[in-house]
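Structure at a glance
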Amino acid sequence: MALEHVLSPLRLGPLTLRNRVATTAHMTGYAEDGLVSDTLVEYLTARARGGVGLLITEAGAVHPTYRPASYRLYRDDVGPGLARLAAAVHAEGAVLIGQANHGGAASPPLPDGRPAFSASDNDGLNGAPARAMTHAEIEEIQDAFVHAAQVMSEAGLDGCEVHGAHHYLVNHFLSPLYNRREDRYGGSFGNRLRFLAEILEAMRATTRPGFVLGVRLSADIGPGGIDSEAMLAIGRALQERDLVDFVGFSLGGRTPEAFPLMTGGMERPAGYELPWNELPSRGLTLPTLVTGRYRTLEQADEVIASGAADLVGMTRAHIADPELVVKTTSGRTARVRPCIGCNECQRSIITEGSIRCAVNPALPGAGTTTELPFPTRRARRVTVVGGGPAGLEAARAAALAGHTVTLFEESEELGGLARRAARAMPNAPGMLDAIAWSEREVRGAGVDLRLGTRADAAAVLATAPDVVVAATGSVPRPGVRQTARPGASVAGADLPHVVSSRDVLTLTTVPATAVVVDEIGEYEALGVAELLLEAGAHVTFVTPFASVGLPAEATGRPATALGRLRAHGRFTALPLSMVVAVTPASADVEDLLGHTVSTHGAHLVVMVTRAAPSRPSWGAELGVPVEYVGDAVLPRSYRTAVREGYLAATRIEELCRTAHQARSATAEART
């Protein structure tokens, strides 16, 4: 494995990067009260230790009118935390550049209801109503950007990247779609560039010598805005004036068509952003950085070898495994935990306030795979029942912590329902990668795998366990239960063509018409619908939510899937609806607001509803602690299953200690 291009050094201004691997700016939510926290330092330092050449911090807010879940560069006391972060990253041999940003029309609404700032009167998607900035406000925000760079420079960071992408404030000044001003900051190309150029000029003049400056750019999706040629023109203008030392290219933004492209899901290939970004990247003589779901050093090496870029952003890949570089370069490529492109990282920062990962349960924090924070002081015998995502992670982490682990799996292969679904559903390959990694890890850790073995009480007790982790999954609920009216009966619910989503995975023939009832709102129902459409069926999609896949929309994947589903020409979505009756060839669907009923062809009715936990009857008979995880607690997400398996492994000592104390108390009471 040569990897000569991606592992070669690169000059970035006066700096030398040890390799061409970068983690681009991404919000973590690990800042605390607008300051750099220990968790944020630990997170970024782990990626530096893992071999990344260039780390760009999450977007720091430059002004009080922008308040993301990040550190705030306008605070007087933000410098010491940044200095601590820079020192920690530098100690691991990486370069650290901070990103400065103002959200503009994409800012969260201000608490007092004031309008946000923008180049013109633009309203942001999920942002605040924005108005055109006055000249005084333009100068104030420019000064705030410059002050942010000065703070970074004084704190010892290596440089500052100005965020000019993703429909934030600088991007709106650059784009003719959003900048409709008629003064010196609008109209011509040079005028639209002026806001950014003046910021960079002042940064150059007021930061220390050798302080690197860069800009992040992205195209508008659709006609009339910033396209590839416009990005090249922006980059060349900044390059010719010596205002930047590098240019990073991204994609997507805060519009319905652009948001899913910002972090493409598992259905998109590596390099999916290159059709927009390759032309401007090749056209500059400055170092350039591209992103686009790169997961391996081989993929990054290929891009650099082609001349399409000098640096490759591998951000989500390093969320999943911060040791990606060092594992690959030391011959342990198979041990790199793969990013599966589910975008749970993006959803968690939007809906929960801090970043999590479906395959990396050790977050928040460093999130390493080979160093666990809980090595055991006394090896225990741990028996895991069930080889799905939760059971695999429990077995892996417990074995890595030093316990002796036996895993029972009733089928002949590991992975459970997740593996079967990933095989059958279109555009969902990521789960297979994650399961394959988990299987390699448990085998490598010496877990005693008992495949094709049903775990009854006798079999479990024969392993002499100190602790049992029950990852026994779930079973479909019978009938048709819908959240709008959980106790209501549905005529025809017992007909044989009313099936669960699991039944669809093994269909040998697909009927002409199908109704998919989505009561969960996750990707499961979308995958079922796409499977049926690709087999030739007409699909009616019924859901009580206001839109298709609403609970998962923060991942960006439902919107992308909806585009594919519509393209078949045989897909009808009925939001805010429920099924009220089923016949052998049709289903009656009620509009939950208008209470009108429509009839739709339904030779197959697929109920995508929350399944019921499957708990073995022998759980209370073993005389040892039993910890239920994943679907055995309650069916939820892949991320939750993996996380609970991991947490169970961290609690082995605690469970044994609690059980011992209970036995001692019982014995004492008897005497």
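Now for a description of the structure that goes with this document. (Residues numbered from 1 in each chain as written. Predicted model: local features only at pLDDT ≥ 70, side-chain atom pairs only at ≥ 80, totals over all residues. Heavy atoms only, no water.)

Re the nonpolar core
The criterion, for reference: The set of buried Ala, Val, Leu, Ile, Met, Phe, Trp, Tyr and Cys residues whose side-chain atoms join them within 4.5 Å is what this entry labels a nonpolar core. For every residue, the accessible area obtained with a 1.4 Å probe (protein chains only) is divided by the maximum for its type, and the residue is called buried under 20%, exposed over 50%, and partly exposed between those limits. Only DSSP runs of H or I with at least four residues qualify as helices, and only runs of E with at least two residues qualify as strands; both kinds are numbered from the N terminus onward. Working rule for contacts: check all heavy atoms of both residues, and any pair within 4.5 Å makes them a contact.
In this structure, Met203, Val516 and Leu532 are the most contacted members of the largest nonpolar core, which totals 156 residues. Sorting elements by how many residues they give to this core places helix H3 (residues 135–155) first, with ten residues. What Leu532 contacts, discounting residues up to four positions off in sequence, is Val504, Leu507, Val510, Ala514, Val516, Ala537, Val539, Leu604 and Val606.

Some details on the sheet that holds strand E24 (residues 597–601)
In a beta sheet, neighbouring strands pair by backbone hydrogen bonds and run either parallel or antiparallel. Quick note on the threshold: The pairing criterion for strands is at least two bridges between them, as found by DSSP. Working convention: axes come from line fits to C-alpha atoms, limited for helices to the stretch in contact. Angles between N-to-C directions cover 0 to 180 degrees.
What the three strands build is an open sheet, ordered E22-E23-E24; its pairing is antiparallel. Lying at the two open borders of the sheet, with one neighbouring strand each, are strand E22 (577–582) and E24. Adjacent strand axes in the sheet meet at a mean angle of 35 degrees, parallel and antiparallel pairs treated alike. Two elements, E22 and strand E23 (residues 586–591), share five bridges in a ladder whose sense is antiparallel. Pairing of Ala581 across the sheet is with Asp588, part of E23.

Observations concerning the sheet that holds strand E16 (residues 467–470)
Taken in spatial order, the five strands line up as E15-E14-E13-E16-E27 in an open sheet, and their pairing is parallel. This sheet does not close on itself; its edge strands, each paired only once, are strand E15 (448–451) and strand E27 (626–628). Strand-to-strand twist in this sheet, taken as the mean axis angle between neighbours without regard to direction, amounts to 15 degrees. Bridging between strand E13 (residues 381–385) and E16 involves four bridges; their strand directions are parallel. Across the sheet, residue Val384 finds its bridge partner in E16, namely Val469.

Remarks on the packing of aromatic side chains
Operational definition: We call Phe, Tyr and Trp rings a pair once their centres come within 6.5 Å, taking the six-membered ring for Trp, and we label the pair stacked below 30 degrees between planes, edge-to-face above 60, and tilted otherwise.
One pass over the full model with this rule turns up five aromatic pairs. With centroids separated by 6.4 Å and ring planes inclined at 50 degrees, the aromatic side chains of Tyr66 and Tyr168 adopt a geometry described as tilted. Of this pair, Tyr66 sits in the loop between strand E4 (54–61) and helix H2 (79–91) while Tyr168 sits in the loop between strand E8 (159–164) and helix H4 (169–174), and the two are 102 residues apart along the sequence. On the basis of relative accessible area, Tyr66 is assigned to the buried category, the value being 3%. In this structure Tyr168 comes out as buried when scored by relative accessible area, which is 9%. On the basis of an interplanar angle of 10 degrees and a centroid distance of 4.1 Å, the ring pair of Phe173 and Phe195 is categorised as stacked.

Here's the deal with unusual backbone geometry
Among all residues except glycine, the phi angle is most often negative; among peptide bonds, the trans geometry is most common. Cis peptide bonds are those with omega within 30 degrees of zero, and the linkage from Leu363 to Pro364 qualifies with 0 degrees. With respect to the secondary-structure elements, Pro364 resides in the loop between helix H12 (344–351) and E13. A positive phi angle, near 65 degrees, is found at Asn343, a position not held by glycine. By secondary structure assignment, the location of Asn343 is in the loop between helix H11 (324–329) and H12. For Asn343, a relative accessible area of 2% puts it in the buried group. With a phi close to 50 degrees, Leu576 is a non-glycine residue in the positive phi region.

A word on the environment of Ala428
Counting through the fold element by element, Ala428 comes out in the loop between helix H14 (416–424) and helix H15 (430–444). In this structure, the C-alpha to C-alpha distance between Ala428 and Tyr523, residues 95 residues apart in sequence, is 9.4 Å. Excluding anything up to four places from it in sequence, Ala428 contacts Met266 and Ala422.

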